[in-house]
Amino acid sequence: MKKIKNMSENNIKSIAVLTSGGDAPGMNAALRAVVRTANHFNINCYGIREGYNGLIAGDVTKMGPRSVKNIINQGGTILKSARSKEFMTPEGRRKAFEQCQKLGIDALVCIGGDGSFTGAKVFNEEYGIRVIGVPGTIDNDIFGTDNTIGYDTALNTAMDAIDKIRDTATSHNRVFFVEVMGRDAGFIALNSGIATGALDILIPERKDSMEDLFSTFRMAEKVGKSSSIVVVAEGEELGSIYDLAKATKEEFPTYDIRVTILGHIQRGGSPSCADRVLASNLGYGAVVGLLEGKNKVMVGMQSNKITYTPIEEAIKKHNEIDKNLIQISEILAM
Ligand code: F6P
């Protein structure tokens, strides 16, 4: 068993955990890991409902190992989640601090994305409550971890859906534009696109052009493709998926084009094995990190090791898209 350093010096007696921002499959597994690790080290653990809103309102409940039974396999978050507007105000954070004082909360574990981490960082700077971030978002756009909790499940959900679209696209010789989630990031688009043999993949990290897309369609015609799928990230800057489909129809009037937006199905469902294991590692790593005196950091998994990245860095920097993968997708599409 791992020996925890400086436990008494760090003096963590009570922690609180919340899920914030867009929910992601595996958040429950992370919560379970936080609660059970805290219990293992005899630390009180409070669960906060509906993100920072619950902290402000005092919607907080004591959690023990049995409060998190049967949730490792559940999608969503039993704590519920929110993007709290009130926590963005100094008044909201003051109320949240008062609740922390009332309950004797020494540290906050925040499971969420970069918006949630920004809130945690400001809260720490203003009131000194220790904070640790756990990256939970399907977008995989957080620096300091190879994968975020929920990304693998969302990717597989997108892949399954696009596989089904391929069946009907092939049967009708159609062109499908499929939008996948990713407000600012193309990880889901690029990887689900490769996994489903998309003709083209449009992502915000690359400068796309309609001309490039049209020449890809022309090449596809030349090599004898009768149907195709173009995967488009939600954050694609070239235009909305409807604009892209419309412009393509104008250029290729004979094409039978359909648009599918996968939307929030990508956020739901039982977490994959990879997400459950990742979430278990990160939830454990968050509590152990706090016991080791870490503060204002995000716990991540990099090359199969638990790592800690300053929360500021995790917010500011972004995971880079693998340029090589873009090239591979182009080569394999023809
Ligand atoms: O950040 C996760 C995410 O699913 C993005 O991919 C998407 O743009 C956004 O959340 C959608 O947010 P909401 O559920 O608030 O519409």
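Residues numbered from 1 in each chain as written. Predicted model: local features only at pLDDT ≥ 70, side-chain atom pairs only at ≥ 80, totals over all residues. Heavy atoms only, no water.

1. Examining the site of the ligand
Logical step 1: The environment of the ligand is made up of R83, T137, I138, D139, M181, G182, R183, E234, H264 and R267.
Logical step 2: One of the side-chain N or O atoms of D139 is found 2.7 Å from an oxygen atom in the ligand.
Logical step 3: A distance of 2.9 Å separates an oxygen atom of the ligand from a polar atom in the side chain of R267.
Logical step 4: For the ligand, the accessible surface in isolation is 400 Å², of which the surrounding protein chains cover 78%.
Logical step 5: Of the residues in the shell around the ligand, the class split is two nonpolar, three polar and five charged. (Near = heavy atom within 4 Å. Polar contact = N/O pair within 3.5 Å; in protein donor to acceptor, adjacent residues only side chain to side chain. Areas by Shrake-Rupley, 256 points an atom, 1.4 Å probe, with all protein chains shown as cover. Nonpolar A, V, L, I, M, F, W, Y, C, P; charged D, E, K, R; others polar.)

2. Remarks on the sheet that holds strand β1 (residues 14-19)
Logical step 1: Spatially, β3-β2-β1-β4-β5-β10-β11 is the arrangement adopted by the seven strands of the open sheet, whose pairing is mixed. Two strands close off the open sheet at either side, each with one partner strand: β3 (60-62) and β11 (305-310). For this sheet the average axis-to-axis angle between neighbouring strands, irrespective of direction, equals 25°.
Logical step 2: Summarising the sheet, β1 and strand β2 (residues 44-48) pair through four bridges and their orientation is parallel. Bridge pairing links V17 to G47 in β2.
Logical step 3: Most of the contacts of helix α5 (residues 114-127) go to strand β5 (residues 130-135), to which it runs at about 170°, and overall it touches β4 (107-112), β5 and β10 (297-302). (Pairing = 2+ DSSP bridges. Helix = DSSP H or I, 4+ residues; strand = E, 2+ residues; numbered from the N terminus. Axes fitted to C-alpha atoms, helices over the stretch in contact; angles between N-to-C directions. Contact = heavy atoms within 4.5 Å.)

3. Remarks on the packing of aromatic side chains
Logical step 1: Inspection of every chain in the model, using the stated rule, returns 10 aromatic pairs.
Logical step 2: Feature note: the residues Y52, F87, F97, F123 and Y127 constitute an aromatic cluster, connected by ring pairs.
Logical step 3: When the ring centre of Y308 is taken as origin, the NZ or CZ atom of K294, which lies over that ring, is 4.6 Å away. (Phe/Tyr/Trp six-rings, centres within 6.5 Å; stacked < 30°, edge-to-face > 60°. Lys NZ or Arg CZ within 6 Å of the ring centre and 35° of its normal.)

4. Observations concerning helix α8 (residues 210-222)
Structural remark: α-helix, 3.6 residues per turn; residues separated by three or four positions point the same way.
Logical step 1: Relative to the 18 Å expected for 13 residues at 1.5 Å per residue, α8 spans 18 Å between its end C-alpha atoms, a close match to the ideal helical length.
Logical step 2: Looking only at α8, the buried set comprises L213, F214, T216, F217 and A220. Taken down its axis, α8 places every buried residue within 155° of arc, on the same side.
Logical step 3: Buried positions along α8 lie against β6 (175-180), β7 (200-202), β8 (228-233) and α9 (241-251). (Expected span 1.5 Å × (residues − 1). Buried < 20%, exposed > 50% of the residue type's maximum accessible area, 1.4 Å probe, protein only. Arc of directions from axis to C-beta.)

5. Concerning the packing of α8 against α9
Logical step 1: Taken N-terminus to C-terminus, the directions of α8 and α9 make an angle of 55°; their axes are 11 Å apart at the nearest point. Regarding the angle of α8 to α9, the classification is oblique. Every pair of crossing elements has a handedness; the one defined by α8 and α9 is right-handed. Residues M210, L213, F214, F217 and R218 of α8 form the contact with α9, whose own contacting residues are L244, A247, T248 and E251.
Logical step 2: Here the residues of the contact of α8 with α9 sort into six nonpolar, one polar and two charged. (Parallel < 35°, antiparallel > 145°, perpendicular 65-115°, else oblique. Left-handed = near helix turned anticlockwise from the far one by under 90°.)

6. Section: the domain arrangement of the protein
Frequently, the measure chosen for interface size is the accessible area removed from exposure when the parts meet.
Logical step 1: By the assigned domains, the protein splits into domain 1 (7-149 + 271-316) and domain 2 (151-267).
Logical step 2: On a C-alpha basis, the centres of domain 1 and domain 2 stand 35 Å from each other.
Logical step 3: Counting from both sides, the interface comprises 16 residues of domain 1 and, opposite them, 12 residues of domain 2.
Logical step 4: Sorting the residues of domain 1 by area buried against domain 2 places I138, D139 and N140 first, and these three jointly supply 44% of that buried surface.
Logical step 5: Taken together, domain 1 and domain 2 are joined by one salt bridge.
Logical step 6: As a salt-bridge pair, R267 and D23 come within 2.8 Å of each other at their nearest N and O atoms.
Logical step 7: Here domain 1 and domain 2 share six residue pairs in polar contact (both at pLDDT 80 or more) between them.
Logical step 8: Its residues assigned to classes, the side of domain 1 that touches domain 2 comprises five nonpolar, six polar and five charged. (Domains from an automatic or database assignment. Buried area = accessible area lost by both parts, 1.4 Å probe. Salt bridge = Lys/Arg side-chain N within 4 Å of Asp/Glu carboxyl O.)

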